[in-house]
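Structure assessment
This is what each chain is made of:
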Protein chains: 2
Amino acid sequence: MSLVVMKFGGSSVGDAERMKRVAKRIVERKRDGHSCVVVVSAMGDTTDDLIDLSKQIYDGAPPAREMDMLLTTGEQVSVSLLSMAIQALGEKAVSYTGWQSGIYTEAVHAKARITNIQPHRVLKSIEEGNVVIVAGFQGMTEEGEITTLGRGGSDTTAVALAAAIKADLCEIYTDVDGVYSTDPRIVKVARKLNEVSYDEMLELANLGAAVLHPRAVEYAKNYNVTLVVRSSFTYNEGTHVKEEAVMEQGIVVRGIAYDKNVARISILGVPEKPGQLASVFSALAKAQIDVDIIVQSGVIAGSADFSFTTSLSDLDKALQVLEGIRESIGFREVTSQVNLVKVSIVGAGMVSTPGVAATMFEVISKLGISISLVSTSEIKISCVIDGSQLSEVVRELHTAYGLDTSEQAFVGGPSERR
Amino acid sequence: MSLVVMKFGGSSVGDAERMKRVAKRIVERKRDGHSCVVVVSAMGDTTDDLIDLSKQIYDGAPPAREMDMLLTTGEQVSVSLLSMAIQALGEKAVSYTGWQSGIYTEAVHAKARITNIQPHRVLKSIEEGNVVIVAGFQGMTEEGEITTLGRGGSDTTAVALAAAIKADLCEIYTDVDGVYSTDPRIVKVARKLNEVSYDEMLELANLGAAVLHPRAVEYAKNYNVTLVVRSSFTYNEGTHVKEEAVMEQGIVVRGIAYDKNVARISILGVPEKPGQLASVFSALAKAQIDVDIIVQSGVIAGSADFSFTTSLSDLDKALQVLEGIRESIGFREVTSQVNLVKVSIVGAGMVSTPGVAATMFEVISKLGISISLVSTSEIKISCVIDGSQLSEVVRELHTAYGLDTSEQAFVGGPSERR
């Protein structure tokens, strides 16, 4: 008998009918002989509805502590209803809030990190034969304040809980079959990966393959929790995310990701003095602006140009911040560019394979597109390019790296076809 | 500076606008120099909406533990929003759930009693200058299970909390100006009482003057908490509920209450054997049927008749129970009567004043109505009569006991007119 953590997102429990379907799924798993701990998010639009309500009460950003009090009710509703739905099917079940589950966090609101889990109530309830339903996204500080984990919080709850109770598996149920070699809406022959490594998943997650939150993947990597991303609507195998993922021979790229939420900012004519770059980026960090790729061109006549990318939503704020420090730093000009896209190829074997980058640049240039910025890591290469030909670029890359034809390597095993 | 507990019901915080109005009211009280602890119920129809949701998930009565998990989210939403609304007006505020407020209850769901309050967090937050907002209706067992207090629970929370923090006053805000001498919809000259004793209030509360839950009044009596029932829409003084209430000279009846939710059952020809009566009423108690007035006529030829009242909603169940024990007890016949009403006069001075009952019977008989059952206590007399002339009876009694004309005694003081 194995111990399985199952996580269901808000759309999987969006209404009473879906809630019952999820309950049925859990009961089947239980009756197959598994002990089940279920982590669930707030139902469908609940969180947005609560945010709307707060906006009617408070102009501007409401106090974060009270927002946490407000929003955590969403999962409490889900867990109690899901427990009822399971009991309606004749199985024992018990629901717990974050604090009841012993999930302790930092004393920070809206985006607390889990510091410690004391799962004795959860473990006792499992021993007593219950399906245990835990509210995702939430925890408690040592002082008894209610906190939330921020975006992707329920994934993190599931993974952290799986680590704390030493579960055999942490299953993330979602509306897709698993992690794909690229976006199936763009590339029809894109297909589900059977396995992917934590590091690859981290890059894919960060790059917009939004099935798993990066923080949850990091947590899984740190505690060596085997994740399975699978559909809540089908019985397909899903994608296993673990330390060592099998790669088909001759294939070095696992998947192709893209991100449309990208803007480029260039700062021109920055006087060459020590610490200038640090001043610019600490000013941006202070304003909570996330910076992704940074590229500096060579220094000419004592002044340098550099460029970086940020998210579209942060662009205006970033430009304001730069305007504010323009005089003190003494740079000449700031330009920005939108309608861009970041395309990335991801694969753990890339580092030991020459020519991977060259292939990418060739594909892009053959399509007549110029590359605005490039960034590389051991397991990925990202290019920021004009966004108008995104589909063609992704499709051509998918073909160029042999992902169209290696079907037998990624899809297979009898379990896949049931 | 005094310490005041203010309780607002669900309709007072039914939407964002009302929530803001309540916040304004609280902030005024705070700026008048009072320390304020606020107890609040779930917004408007929230509880009913949550119950509806549970019905879509679970046929029949859902597990009580999970219902408590579900329903307590309602007050958690209210407290967080109310805290935001107060902060929006520039005052410090902090919201707490039942468990965060240290409200411990029996390990019973749906109708737990408060066993113990450990208000250190509440007290600390008051000291720090906060308005403290506490979720009504809910608590926690010693084992960390979330419980609810059942009907009228928020009133009880407010009173128990007032006792625990030694508040000077517990104000119950409602949609009426206070406790009235009788129902103003029936008697136009009915008017607000300035003072009423705990015992009188208990009778009035039980008899259908639904402004205060009996359990809360009992709690207030036991811990000598001064209650004030007042309007959340006006600045009128309200009604003080306390141990000794001043009574105008010559007036013995404080108020007239009625209850339409009453049915009479008569059991005829019960063989005169010891323990028969006990058998009948323990069978009814086992079926959770509340019995109010019980009257036994004399024994004739070894058999007796007796009658009792119960609520209309329990009538069918009571008749079933009686049918089930008919043979074993050996009574002849059961009859029942509906379309009745129970009219009661309440007043602490009644016991020492002769002729009070006689006046009541006279008034009723002058209207040509026969009295079906009578019950008396030290501070009240109740008559069960045909319901068709309820208004006339109440109006005539109001006049007969001098309540129409004693305006100066009940309404007065300059504060009343502001």
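Everything quoted here is computed from the prediction, not taken from an experiment. (Residues numbered from 1 in each chain as written. Chains lettered and ligands numbered in written order. Predicted model: local features only at pLDDT ≥ 70, side-chain atom pairs only at ≥ 80, totals over all residues. Heavy atoms only, no water.)

Counting its secondary structure elements, chain A contains 12 helices and 20 strands. At 23 Å, chain A has a C-alpha radius of gyration in line with the 22 Å of a compact globule built from 418 residues. For chain A, the spread of C-alpha atoms along the three principal axes comes to 75 × 55 × 35 Å. For chain A, the residues scored as buried account for 56% of the 418 residues in total. Long-range contacts, defined here as pairs at least 24 residues apart, represent 75% of the contacts in chain A between residues at least 6 apart. With 40 positive and 52 negative side-chain charges, chain A shows a separation of 3 Å between the mean positions of the two kinds. (Helix = DSSP H or I, 4+ residues; strand = E, 2+ residues; numbered from the N terminus. Rg over C-alpha atoms; globule rule 2.2 N^0.38 Å. Buried < 20%, exposed > 50% of the residue type's maximum accessible area, 1.4 Å probe, protein only. Contact = heavy atoms within 4.5 Å. Lys, Arg positive; Asp, Glu negative; His and termini not counted. Charge placed at Lys NZ, Arg CZ, Asp CG, Glu CD.)

All names here are of chain B. Inspection of the secondary structure assignment puts Asp314 in the loop between β16 (303-310) and α9 (315-329). Of the side chains bearing the opposite charge, Lys317 lies closest to the buried Asp314, which forms no salt bridge; the N-O distance is 4.6 Å. Excluding its chain neighbours within four sequence positions, the residues that come into contact with Asp314 are Gln288, Ile289 and Asp290. (Salt bridge = Lys/Arg side-chain N within 4 Å of Asp/Glu carboxyl O.)

Where helix α3 (residues 64-88) of chain A meets helix α2 (residues 46-57) of chain B, the closest approach of the two axes is 9 Å, and the angle between their N-to-C directions is 30 degrees. With respect to each other, α3(A) and α2(B) are oriented roughly parallel. The two elements α3(A) and α2(B) meet at a crossing, and its hand is right-handed. Listed contacts from α2(B) to A:Val77, A:Leu81, A:Met84, A:Ala85 and A:Ala88 of α3(A) are B:Leu50, B:Leu53, B:Ser54 and B:Ile57. Across the contact of α3(A) with α2(B), the residue classes tally to 8 nonpolar, 1 polar and no charged. (Axes fitted to C-alpha atoms, helices over the stretch in contact; angles between N-to-C directions. Parallel < 35°, antiparallel > 145°, perpendicular 65-115°, else oblique. Left-handed = near helix turned anticlockwise from the far one by under 90°. Nonpolar A, V, L, I, M, F, W, Y, C, P; charged D, E, K, R; others polar.)

The next thing to look at is the interface of chain B and chain A. Contact with chain B, which involves 42 residues of that partner, is made by 42 residues of chain A. Carbon and sulfur atoms supply 66% of the area buried between chain B and chain A, which totals about 3300 Å² over both sides. Across the pair B:Arg121 and A:Glu145 runs a salt bridge whose closest N-O atoms are separated by 2.5 Å. At the boundary of chain B with chain A, the tally comes to 19 residue pairs in polar contact (both at pLDDT 80 or more). (Buried area = accessible area lost by both parts, 1.4 Å probe. Polar contact = N/O pair within 3.5 Å; in protein donor to acceptor, adjacent residues only side chain to side chain.)

The next thing to look at is the pairing of strand β6 (residues 131-135) of chain B. Residue and element names in this part refer to chain B. Counting buried positions along β6 yields 5 of 5 residues, so the element is predominantly enclosed. On β6, burial covers both faces: Val131, Ile133 and Ala135 on one face and Val132 and Val134 on the other are all buried. Where strand β2 (residues 35-40) lies against β6, 4 bridges are found, and the strand directions are parallel. Bridge pairing links Val39 to Val134 in β6. (Pairing = 2+ DSSP bridges.)

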